[in-house]
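Next come the chains, spelled out residue by residue.
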Amino acid sequence: MGEFDLIDTYFRRPAKRAALGIGDDCALIPMQFGSTSSVAGELPAAQFWATTTDMLVEGRHFFAGADPYRLGWKCLAVNLSDLAAIGAEPHHFSLAFALPEADPAWLKPFSQGLFALADAHDIELIGGDTTAGPRTICITATGLVPPALALKRSAAKAGDDIWISDEIGGAALQLFTRWGRTQFSAAIPAAQIEHFLVRMEQPQPRVALGIALRGIAHAAIDISDGLSGDLGHILKASKCGAEVRLAQIPAHPYLRGLLATPERNLAVECLLSGGDDYELIFTAPPSARGQIEKILAGLGLAGACIGKIVAGDQLKIFDEDGKRLIAPKSFDHFAP
Ligand code: ADP
Ligand code: MG
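Just so it is clear, the structure is predicted and the values come from calculations on it, not from any experiment.

Engineer: Hey, could you go over helix 5 (residues 190-201) for me, with residue numbers and the actual values?
Structural biologist: The terminal C-alpha atoms of helix 5 lie 16 Å apart, and with 12 residues this matches the ideal 16 Å at 1.5 Å per residue to within 8%. Buried residues in helix 5 make contact with helix 2 (68-86), helix 4 (170-178) and helix 8 (253-258).

Given below as C-alpha coordinates:
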(Lines give C-alpha, C1' and ligand atoms only; values in the text may rest on other atoms or scores of the structure.)
(Ligands and ions follow the chains in the order given, each with its own letter.)
Protein backbone atom coordinates (compact mmCIF):
# COMPACT_ATOMS: atom_id res chain seq x y z
CA MET A 1 0.00 0.00 0.00
CA GLY A 2 1.49 3.37 -1.07
CA GLU A 3 1.46 6.54 1.03
CA PHE A 4 -1.58 8.04 -0.71
CA ASP A 5 -3.64 4.79 -0.67
CA LEU A 6 -2.91 4.57 3.04
CA ILE A 7 -4.26 8.10 3.64
CA ASP A 8 -7.31 7.50 1.41
CA THR A 9 -8.14 4.12 2.97
CA TYR A 10 -7.81 4.92 6.64
CA PHE A 11 -7.97 8.66 7.16
CA ARG A 12 -9.86 10.41 4.37
CA ARG A 13 -13.40 11.29 5.43
CA PRO A 14 -15.87 13.79 3.96
CA ALA A 15 -15.07 17.28 5.29
CA LYS A 16 -17.87 18.84 7.34
CA ARG A 17 -16.23 22.10 8.39
CA ALA A 18 -13.42 22.51 5.90
CA ALA A 19 -14.20 24.05 2.52
CA LEU A 20 -11.34 21.87 1.24
CA GLY A 21 -10.23 18.83 3.24
CA ILE A 22 -7.61 16.11 2.79
CA GLY A 23 -5.96 15.95 -0.63
CA ASP A 24 -4.52 19.38 -1.38
CA ASP A 25 -1.40 21.24 -0.24
CA CYS A 26 -3.46 22.95 2.47
CA ALA A 27 -6.90 22.48 3.95
CA LEU A 28 -9.14 25.56 3.66
CA ILE A 29 -11.36 26.58 6.55
CA PRO A 30 -13.83 29.47 6.37
CA MET A 31 -12.89 32.27 8.76
CA GLN A 32 -15.80 33.62 10.79
CA PHE A 33 -16.26 37.36 11.05
CA GLY A 34 -18.08 38.88 14.01
CA SER A 35 -19.57 42.34 14.30
CA THR A 36 -16.35 43.82 15.74
CA SER A 37 -14.96 45.31 12.56
CA SER A 38 -12.70 48.23 13.45
CA VAL A 39 -14.44 50.66 11.12
CA ALA A 40 -18.24 50.48 11.13
CA GLY A 41 -19.59 49.35 7.79
CA GLU A 42 -16.17 48.21 6.59
CA LEU A 43 -16.09 44.45 7.02
CA PRO A 44 -12.81 42.81 6.00
CA ALA A 45 -13.01 40.77 2.83
CA ALA A 46 -13.91 37.12 3.49
CA GLN A 47 -10.85 34.90 3.96
CA PHE A 48 -10.09 31.21 4.30
CA TRP A 49 -7.59 29.89 6.80
CA ALA A 50 -5.18 27.68 4.83
CA THR A 51 -3.46 25.12 7.03
CA THR A 52 -0.77 22.49 6.41
CA THR A 53 1.41 20.08 8.42
CA ASP A 54 4.81 18.65 7.47
CA MET A 55 7.12 16.47 9.52
CA LEU A 56 10.86 15.94 9.01
CA VAL A 57 12.54 12.84 10.43
CA GLU A 58 16.29 12.40 10.89
CA GLY A 59 17.68 9.71 8.60
CA ARG A 60 14.70 10.07 6.25
CA HIS A 61 14.28 13.77 5.43
CA PHE A 62 17.68 14.98 6.59
CA PHE A 63 21.05 13.44 7.37
CA ALA A 64 22.19 12.97 10.97
CA GLY A 65 24.57 15.88 11.62
CA ALA A 66 22.75 18.21 9.18
CA ASP A 67 23.58 21.88 9.69
CA PRO A 68 21.10 22.96 12.42
CA TYR A 69 20.60 26.54 11.10
CA ARG A 70 19.64 25.23 7.66
CA LEU A 71 17.49 22.50 9.20
CA GLY A 72 15.51 25.04 11.26
CA TRP A 73 14.98 27.03 8.07
CA LYS A 74 13.95 23.95 6.05
CA CYS A 75 11.40 22.68 8.60
CA LEU A 76 9.46 25.92 8.21
CA ALA A 77 10.24 26.29 4.49
CA VAL A 78 8.51 23.02 3.54
CA ASN A 79 5.35 24.25 5.27
CA LEU A 80 5.53 27.76 3.78
CA SER A 81 5.91 26.03 0.42
CA ASP A 82 2.49 24.40 0.89
CA LEU A 83 0.99 27.78 1.78
CA ALA A 84 2.61 29.20 -1.37
CA ALA A 85 1.15 26.34 -3.43
CA ILE A 86 -2.40 27.36 -2.51
CA GLY A 87 -1.69 31.09 -2.79
CA ALA A 88 -1.95 31.82 0.95
CA GLU A 89 -0.20 34.54 2.94
CA PRO A 90 1.61 33.14 6.03
CA HIS A 91 0.00 34.00 9.39
CA HIS A 92 1.06 31.70 12.26
CA PHE A 93 2.63 28.29 12.98
CA SER A 94 3.14 25.75 15.73
CA LEU A 95 6.31 23.72 16.29
CA ALA A 96 6.47 20.22 17.77
CA PHE A 97 9.66 18.23 18.10
CA ALA A 98 11.38 15.25 19.62
CA LEU A 99 15.10 15.69 20.32
CA PRO A 100 17.60 13.15 21.65
CA GLU A 101 19.09 15.78 24.00
CA ALA A 102 18.69 19.46 24.93
CA ASP A 103 21.93 20.66 23.33
CA PRO A 104 22.32 24.47 23.21
CA ALA A 105 24.97 24.13 20.48
CA TRP A 106 22.22 22.62 18.27
CA LEU A 107 19.17 24.49 19.59
CA LYS A 108 20.63 27.98 19.14
CA PRO A 109 21.43 27.75 15.42
CA PHE A 110 18.26 25.67 14.78
CA SER A 111 16.08 28.39 16.31
CA GLN A 112 18.05 31.10 14.46
CA GLY A 113 17.46 29.42 11.09
CA LEU A 114 13.79 28.87 11.90
CA PHE A 115 13.21 32.50 12.92
CA ALA A 116 15.27 33.93 10.07
CA LEU A 117 12.73 32.45 7.64
CA ALA A 118 9.76 33.19 9.94
CA ASP A 119 10.74 36.86 10.13
CA ALA A 120 11.28 37.06 6.37
CA HIS A 121 7.63 36.01 5.95
CA ASP A 122 6.20 37.69 9.05
CA ILE A 123 4.80 34.39 10.38
CA GLU A 124 4.42 34.03 14.16
CA LEU A 125 5.17 30.98 16.33
CA ILE A 126 2.11 30.47 18.55
CA GLY A 127 2.80 27.16 20.33
CA GLY A 128 3.96 23.60 19.97
CA ASP A 129 5.18 20.60 21.92
CA THR A 130 8.61 19.41 23.09
CA THR A 131 9.64 15.87 23.97
CA ALA A 132 12.73 13.67 24.15
CA GLY A 133 13.05 11.07 21.38
CA PRO A 134 14.56 10.40 17.94
CA ARG A 135 15.12 13.76 16.18
CA THR A 136 11.81 14.62 14.47
CA ILE A 137 10.37 18.06 13.74
CA CYS A 138 6.74 18.75 12.87
CA ILE A 139 5.31 22.15 11.97
CA THR A 140 1.73 23.18 11.28
CA ALA A 141 1.56 26.47 9.40
CA THR A 142 -1.52 28.55 8.74
CA GLY A 143 -2.10 31.36 6.30
CA LEU A 144 -4.91 33.37 4.74
CA VAL A 145 -6.31 33.34 1.23
CA PRO A 146 -9.44 34.93 -0.27
CA PRO A 147 -11.84 32.04 -1.07
CA ALA A 148 -12.18 32.60 -4.80
CA LEU A 149 -8.43 32.95 -5.28
CA ALA A 150 -7.06 29.74 -3.69
CA LEU A 151 -4.88 27.80 -6.17
CA LYS A 152 -6.34 24.30 -5.88
CA ARG A 153 -4.87 21.12 -7.35
CA SER A 154 -8.26 20.46 -8.95
CA ALA A 155 -8.44 23.64 -11.05
CA ALA A 156 -6.29 22.79 -14.10
CA LYS A 157 -8.07 23.00 -17.47
CA ALA A 158 -7.26 21.42 -20.84
CA GLY A 159 -5.37 24.03 -22.86
CA ASP A 160 -3.56 25.48 -19.82
CA ASP A 161 0.19 26.01 -19.97
CA ILE A 162 2.16 24.16 -17.29
CA TRP A 163 4.83 26.26 -15.54
CA ILE A 164 7.64 25.58 -13.09
CA SER A 165 8.75 28.45 -10.86
CA ASP A 166 12.55 27.92 -11.11
CA GLU A 167 15.21 25.28 -11.74
CA ILE A 168 14.56 21.81 -10.35
CA GLY A 169 16.54 18.61 -9.89
CA GLY A 170 19.41 20.20 -7.93
CA ALA A 171 18.32 18.90 -4.52
CA ALA A 172 18.10 15.35 -5.89
CA LEU A 173 21.50 15.65 -7.58
CA GLN A 174 23.02 16.64 -4.23
CA LEU A 175 21.21 13.76 -2.50
CA PHE A 176 22.34 11.19 -5.10
CA THR A 177 25.89 12.45 -4.64
CA ARG A 178 25.62 11.95 -0.87
CA TRP A 179 24.26 8.44 -1.49
CA GLY A 180 27.29 7.69 -3.68
CA ARG A 181 25.16 7.12 -6.81
CA THR A 182 27.17 9.78 -8.67
CA GLN A 183 30.04 12.22 -8.12
CA PHE A 184 30.41 15.86 -9.04
CA SER A 185 32.93 16.28 -11.84
CA ALA A 186 36.38 17.32 -10.60
CA ALA A 187 36.05 20.45 -12.76
CA ILE A 188 32.92 21.80 -11.05
CA PRO A 189 33.63 25.04 -9.10
CA ALA A 190 33.14 24.85 -5.32
CA ALA A 191 30.44 27.54 -5.55
CA GLN A 192 28.32 25.23 -7.73
CA ILE A 193 28.62 22.35 -5.26
CA GLU A 194 27.50 24.77 -2.53
CA HIS A 195 24.59 25.84 -4.79
CA PHE A 196 23.32 22.23 -4.96
CA LEU A 197 23.86 21.76 -1.22
CA VAL A 198 21.73 24.84 -0.51
CA ARG A 199 19.05 23.56 -2.92
CA MET A 200 18.80 20.45 -0.73
CA GLU A 201 19.32 21.92 2.73
CA GLN A 202 17.79 25.39 2.61
CA PRO A 203 14.98 25.67 0.04
CA GLN A 204 13.26 29.00 -0.70
CA PRO A 205 9.48 28.76 -0.39
CA ARG A 206 7.86 30.62 -3.30
CA VAL A 207 5.37 32.52 -1.14
CA ALA A 208 5.48 35.82 -3.06
CA LEU A 209 4.93 33.94 -6.31
CA GLY A 210 1.91 32.02 -4.94
CA ILE A 211 0.30 35.29 -3.87
CA ALA A 212 1.15 37.01 -7.18
CA LEU A 213 -0.48 34.14 -9.08
CA ARG A 214 -3.86 34.60 -7.35
CA GLY A 215 -6.49 35.18 -10.03
CA ILE A 216 -3.98 34.37 -12.80
CA ALA A 217 -3.03 30.70 -12.33
CA HIS A 218 -5.62 27.93 -12.23
CA ALA A 219 -4.03 24.99 -10.34
CA ALA A 220 -0.81 24.78 -8.33
CA ILE A 221 1.21 22.35 -6.23
CA ASP A 222 4.70 22.46 -4.77
CA ILE A 223 7.31 19.89 -5.83
CA SER A 224 8.14 17.93 -2.70
CA ASP A 225 8.16 14.37 -4.07
CA GLY A 226 9.15 14.95 -7.72
CA LEU A 227 7.77 16.60 -10.86
CA SER A 228 6.03 13.54 -12.33
CA GLY A 229 4.34 12.52 -9.07
CA ASP A 230 3.36 16.03 -8.01
CA LEU A 231 2.09 17.02 -11.46
CA GLY A 232 0.26 13.67 -11.34
CA HIS A 233 -1.63 14.92 -8.26
CA ILE A 234 -2.85 17.95 -10.25
CA LEU A 235 -3.89 15.70 -13.16
CA LYS A 236 -5.79 13.30 -10.90
CA ALA A 237 -7.57 16.09 -9.01
CA SER A 238 -8.35 18.03 -12.21
CA LYS A 239 -9.27 14.92 -14.26
CA CYS A 240 -7.00 15.76 -17.16
CA GLY A 241 -3.73 14.79 -18.81
CA ALA A 242 -0.50 16.63 -19.62
CA GLU A 243 2.27 16.79 -22.17
CA VAL A 244 5.66 17.90 -20.86
CA ARG A 245 8.93 18.49 -22.71
CA LEU A 246 12.15 17.55 -20.93
CA ALA A 247 14.10 20.21 -22.85
CA GLN A 248 11.90 22.98 -21.41
CA ILE A 249 12.30 22.03 -17.75
CA PRO A 250 14.39 24.71 -16.02
CA ALA A 251 17.64 23.20 -14.76
CA HIS A 252 21.07 24.35 -13.62
CA PRO A 253 23.52 24.26 -16.59
CA TYR A 254 25.63 21.59 -14.85
CA LEU A 255 22.62 19.28 -14.46
CA ARG A 256 21.44 20.01 -18.02
CA GLY A 257 24.98 19.23 -19.21
CA LEU A 258 24.76 15.77 -17.59
CA LEU A 259 21.97 14.90 -20.05
CA ALA A 260 24.62 14.60 -22.77
CA THR A 261 26.87 12.28 -20.74
CA PRO A 262 26.70 8.62 -19.61
CA GLU A 263 24.96 10.05 -16.48
CA ARG A 264 21.89 10.94 -18.59
CA ASN A 265 19.52 8.55 -16.82
CA LEU A 266 20.47 9.94 -13.44
CA ALA A 267 19.98 13.53 -14.70
CA VAL A 268 16.55 12.58 -16.12
CA GLU A 269 15.66 11.06 -12.76
CA CYS A 270 16.72 14.27 -10.95
CA LEU A 271 14.52 16.38 -13.25
CA LEU A 272 11.43 14.16 -13.48
CA SER A 273 11.25 12.47 -10.12
CA GLY A 274 13.75 14.15 -7.81
CA GLY A 275 12.06 15.50 -4.71
CA ASP A 276 12.90 18.29 -2.27
CA ASP A 277 12.91 21.12 -4.82
CA TYR A 278 9.99 23.07 -3.34
CA GLU A 279 9.45 24.92 -6.59
CA LEU A 280 5.84 25.44 -7.68
CA ILE A 281 4.16 23.73 -10.62
CA PHE A 282 1.23 25.84 -11.77
CA THR A 283 -1.14 25.92 -14.71
CA ALA A 284 -2.53 29.01 -16.41
CA PRO A 285 -4.28 29.94 -19.64
CA PRO A 286 -1.96 30.86 -22.54
CA SER A 287 -3.45 34.39 -22.45
CA ALA A 288 -1.59 34.91 -19.12
CA ARG A 289 1.88 34.15 -20.55
CA GLY A 290 3.12 37.75 -20.69
CA GLN A 291 1.84 38.49 -17.18
CA ILE A 292 3.49 35.35 -15.77
CA GLU A 293 6.81 36.08 -17.44
CA LYS A 294 6.75 39.55 -15.88
CA ILE A 295 5.93 38.16 -12.40
CA LEU A 296 8.73 35.56 -12.60
CA ALA A 297 11.28 38.12 -13.81
CA GLY A 298 10.20 40.56 -11.08
CA LEU A 299 10.89 37.90 -8.45
CA GLY A 300 14.22 36.94 -10.02
CA LEU A 301 12.97 33.43 -10.84
CA ALA A 302 14.15 31.37 -13.82
CA GLY A 303 10.74 29.76 -14.27
CA ALA A 304 9.51 28.38 -17.57
CA CYS A 305 6.55 26.87 -19.36
CA ILE A 306 7.23 23.12 -19.64
CA GLY A 307 4.17 21.87 -21.46
CA LYS A 308 0.38 21.77 -21.68
CA ILE A 309 -2.64 20.37 -19.90
CA VAL A 310 -4.60 18.17 -22.31
CA ALA A 311 -7.77 16.06 -22.26
CA GLY A 312 -7.43 12.48 -20.94
CA ASP A 313 -5.67 11.22 -17.84
CA GLN A 314 -2.09 10.55 -18.95
CA LEU A 315 1.14 12.34 -18.24
CA LYS A 316 3.23 12.15 -21.41
CA ILE A 317 6.83 13.32 -21.23
CA PHE A 318 8.86 13.85 -24.41
CA ASP A 319 12.64 13.93 -24.77
CA GLU A 320 14.67 16.33 -26.91
CA ASP A 321 13.82 14.30 -30.06
CA GLY A 322 10.10 14.17 -29.33
CA LYS A 323 10.25 10.54 -28.14
CA ARG A 324 8.15 9.39 -25.14
CA LEU A 325 10.04 9.01 -21.86
CA ILE A 326 8.85 6.93 -18.95
CA ALA A 327 9.42 8.93 -15.77
CA PRO A 328 10.97 7.03 -12.88
CA LYS A 329 8.62 6.96 -9.88
CA SER A 330 8.46 9.98 -7.59
CA PHE A 331 9.07 9.59 -3.89
CA ASP A 332 6.51 7.63 -1.83
CA HIS A 333 7.30 6.75 1.80
CA PHE A 334 5.46 3.44 1.48
CA ALA A 335 6.00 2.62 -2.19
CA PRO A 336 5.00 -1.03 -2.70
P1 ADP B 1 2.17 17.75 0.78
O2 ADP B 1 3.26 17.01 0.02
O3 ADP B 1 1.62 18.89 0.02
O4 ADP B 1 2.58 18.10 2.19
P5 ADP B 1 1.10 15.16 1.15
O6 ADP B 1 1.41 14.53 -0.15
O7 ADP B 1 2.05 14.93 2.29
O8 ADP B 1 0.97 16.74 0.92
O9 ADP B 1 -0.34 14.75 1.62
C10 ADP B 1 -1.41 14.68 0.70
C11 ADP B 1 -2.69 15.06 1.43
O12 ADP B 1 -2.97 14.11 2.46
C13 ADP B 1 -2.64 16.42 2.12
O14 ADP B 1 -3.88 17.05 1.95
C15 ADP B 1 -2.38 16.06 3.56
O16 ADP B 1 -2.91 17.04 4.44
C17 ADP B 1 -3.12 14.76 3.71
N18 ADP B 1 -2.56 13.87 4.75
C19 ADP B 1 -1.30 13.38 4.83
N20 ADP B 1 -1.16 12.57 5.89
C21 ADP B 1 -2.36 12.56 6.53
C22 ADP B 1 -2.86 11.92 7.70
N23 ADP B 1 -2.07 11.12 8.43
N24 ADP B 1 -4.14 12.15 8.05
C25 ADP B 1 -4.93 12.98 7.32
N26 ADP B 1 -4.53 13.60 6.20
C27 ADP B 1 -3.26 13.40 5.80
MG1 MG C 1 2.65 20.26 -1.11
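Engineer: I'd like a rundown of the pattern of salt bridges, residues and numbers included.
Structural biologist: Working definition: two side chains of opposite charge can pair if their charged atoms are close together. Here the structure, examined in full by the defined rule, presents 15 salt bridges. Between arginine 12 and aspartate 8 there is a salt bridge; the shortest N-O distance is 3.1 Å. By relative accessible area, arginine 12 is classed as partly exposed at 44%. Among the ionic pairs, arginine 70 bridges to glutamate 201, the shortest N-O distance being 3.1 Å. Of this pair, arginine 70 sits in helix 2 while glutamate 201 is found in helix 5, placing the two residues 131 residues apart along the sequence.

Engineer: Let's hear about the nonpolar core: which residues, and what values?
Structural biologist: In terms of nonpolar packing, the biggest core is built from 52 residues, with Leu76, Phe282 and Ile292 touching the most fellow members. The set of elements that each furnish at least two residues to this core consists of strand 2 (48-57), helix 2, strand 3 (89-99), helix 3 (104-120), strand 5 (136-145), helix 6 (207-212), strand 9 (280-284) and helix 10 (289-298). The element contributing the most residues to this core is helix 2, with 11 residues. When residues no more than four places from it in sequence are discounted, the contact partners of isoleucine 292 are Trp163, Leu213, Ile216, Phe282 and Ala284. Counting residues in each nonpolar core, the second largest holds 38 residues, with Phe176, Ile221, Leu258 and Leu271 among its members.

Engineer: Which residues make up the pairing of strand 5, and what values go with them?
Structural biologist: In terms of burial, strand 5 is largely enclosed, as eight of its 10 residues are buried. Sheet analysis places strand 2 next to strand 5, joined by 10 bridges and oriented antiparallel. Looking at strand 5, one finds that tryptophan 49 is bridged to leucine 144. Judged from the nine bridges that link them, strand 3 and strand 5 form a sheet pairing that is antiparallel. The residue of strand 5 that forms the bridge with alanine 96 is cysteine 138.

Engineer: Run through the sheet that holds strand 1 (residues 27-30), naming residues and quoting values.
Structural biologist: With respect to topology, five strands assemble into an open sheet ordered 1-2-5-3-4, the strand pairing being mixed. Whereas interior strands pair on both sides, the edge strands pair on one side only; in this sheet they are strand 1 and strand 4 (124-132). Taken pair by pair, the neighbouring strands of this sheet meet at an average axis angle of 20°, ignoring direction. Docked against the sheet, helix 2 engages strand 1, strand 2, strand 3 and strand 5, running at close to 145° with respect to strand 2. Lying on the sheet, helix 3 is in contact with strand 3, strand 4 and strand 5; it crosses strand 3 at an angle near 165°.

Engineer: With reference to specific residues and values, describe the side chain of arginine 199.
Structural biologist: As for its position among the elements, arginine 199 is in helix 5. By relative accessible area, which is 12% here, arginine 199 ends up buried. Those residues in contact with arginine 199 that lie beyond four places of it in its chain are Glu167, Gly170, Ala171, Arg206, Asp276, Asp277 and Glu279.

Engineer: Go over the sheet that holds strand 9 with me, naming the residues and quoting the values.
Structural biologist: Reading across from one edge, 7-9-6-10-8-11-12 is the order of the seven strands in this open sheet, with mixed pairing throughout. Single-partner strands in this sheet number two, and they are strand 7 (220-222) and strand 12 (324-325). As paired elements, strand 6 (residues 161-164) and strand 10 (residues 304-310) share four bridges and run antiparallel to each other. Bridge assignment links tryptophan 163 to a residue of strand 10, and that residue is cysteine 305. Each of strand 6, strand 9 and strand 10 touches helix 10; the most contacted strand, strand 6, lies at about 5° to it.

The rules behind the values
Residues numbered from 1 in each chain as written. Chains lettered and ligands numbered in written order. Predicted model: local features only at pLDDT ≥ 70, side-chain atom pairs only at ≥ 80, totals over all residues. Heavy atoms only, no water. Helix = DSSP H or I, 4+ residues; strand = E, 2+ residues; numbered from the N terminus. Expected span 1.5 Å × (residues − 1). Contact = heavy atoms within 4.5 Å. Salt bridge = Lys/Arg side-chain N within 4 Å of Asp/Glu carboxyl O. Buried < 20%, exposed > 50% of the residue type's maximum accessible area, 1.4 Å probe, protein only. Core = buried A, V, L, I, M, F, W, Y, C linked by side-chain atoms within 4.5 Å. Pairing = 2+ DSSP bridges. Axes fitted to C-alpha atoms, helices over the stretch in contact; angles between N-to-C directions.

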